[in-house]
Amino acid sequence: LLGDGFAVVPDGSKIYAPLAGRVTNIFPTKHAINIKSNSGIDYLIHIGIDTVELQGEPFSICVQENDDVTPETSLVDVDFDKIIKSGKDTSV
């Protein structure tokens, strides 16, 4: 629906920007962030599967909309244990 993508299973609690760009949208439920890269690519970072149902509980956002980001920028701190305990997939 959104085009090509891939998923990773993180080994830590911090999610970093994969490319330099600008945050264009943070979902109210904190489970997804849109970024437009400096090269013009629009991309979505979606944390977990069906985690929208958790209403933001396991996520702590570290950026704001319109912030410039680089691969060194922490976007979200995630309590993956809460996601696992809720029976959701932790793929990002």
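Scroll up a little and you will see the structure.
In this text the structure is predicted, and so the values were computed from the model without any measurement.

Participant: Lay out the layout of surface pockets in plain terms, naming residues and giving numbers.
Facilitator: What the largest pocket holds in volume is close to 690 Å³. Lining the largest pocket are 23 residues, and of these Phe 6, Leu 44, Ile 45, His 46 and Val 92 sit closest to its centre. The set of elements that each furnish at least two residues to the lining of the largest pocket consists of strand 1 (14–16) and strand 4 (42–46). Across the lining of the largest pocket, the residue classes tally to 14 nonpolar, five polar and four charged.

Participant: Please set out the pattern of salt bridges residue by residue, giving values where relevant.
Facilitator: Applying the stated criterion across every chain, the model contains five salt bridges. Here Asp 42 ties to Lys 36 by a salt bridge, and the two come within 3.8 Å at their closest N and O atoms.

Participant: Any chance you could break down the sheet that holds strand 3 (residues 32–37) for me, citing the residues and the numbers?
Facilitator: Pairing within the open sheet is antiparallel, and its four strands lie in the order 4-3-2-6. The open sheet terminates on both sides in strands that have one partner only, identified here as strand 4 and strand 6 (68–69). Bridge count for strand 3 against strand 4 is five bridges, and the pairing is antiparallel. Paired with Ile 33 across the strands is Ile 45, a residue of strand 4.

About the thresholds
- Residues numbered from 1 in each chain as written.
- Predicted model: local features only at pLDDT ≥ 70, side-chain atom pairs only at ≥ 80, totals over all residues.
- Heavy atoms only, no water.
- 1 Å grid on protein atoms, 1.4 Å probe; cavity = no way out; pocket = protein on both sides within 12 Å on 5 of 7 lines; lining within 4 Å.
- Points joined across faces, edges and corners; volume = space filled by probe spheres on them.
- Helix = DSSP H or I, 4+ residues; strand = E, 2+ residues; numbered from the N terminus.
- Nonpolar A, V, L, I, M, F, W, Y, C, P; charged D, E, K, R; others polar.
- Salt bridge = Lys/Arg side-chain N within 4 Å of Asp/Glu carboxyl O.
- Pairing = 2+ DSSP bridges.

Shape is all these values report; function is a separate question.
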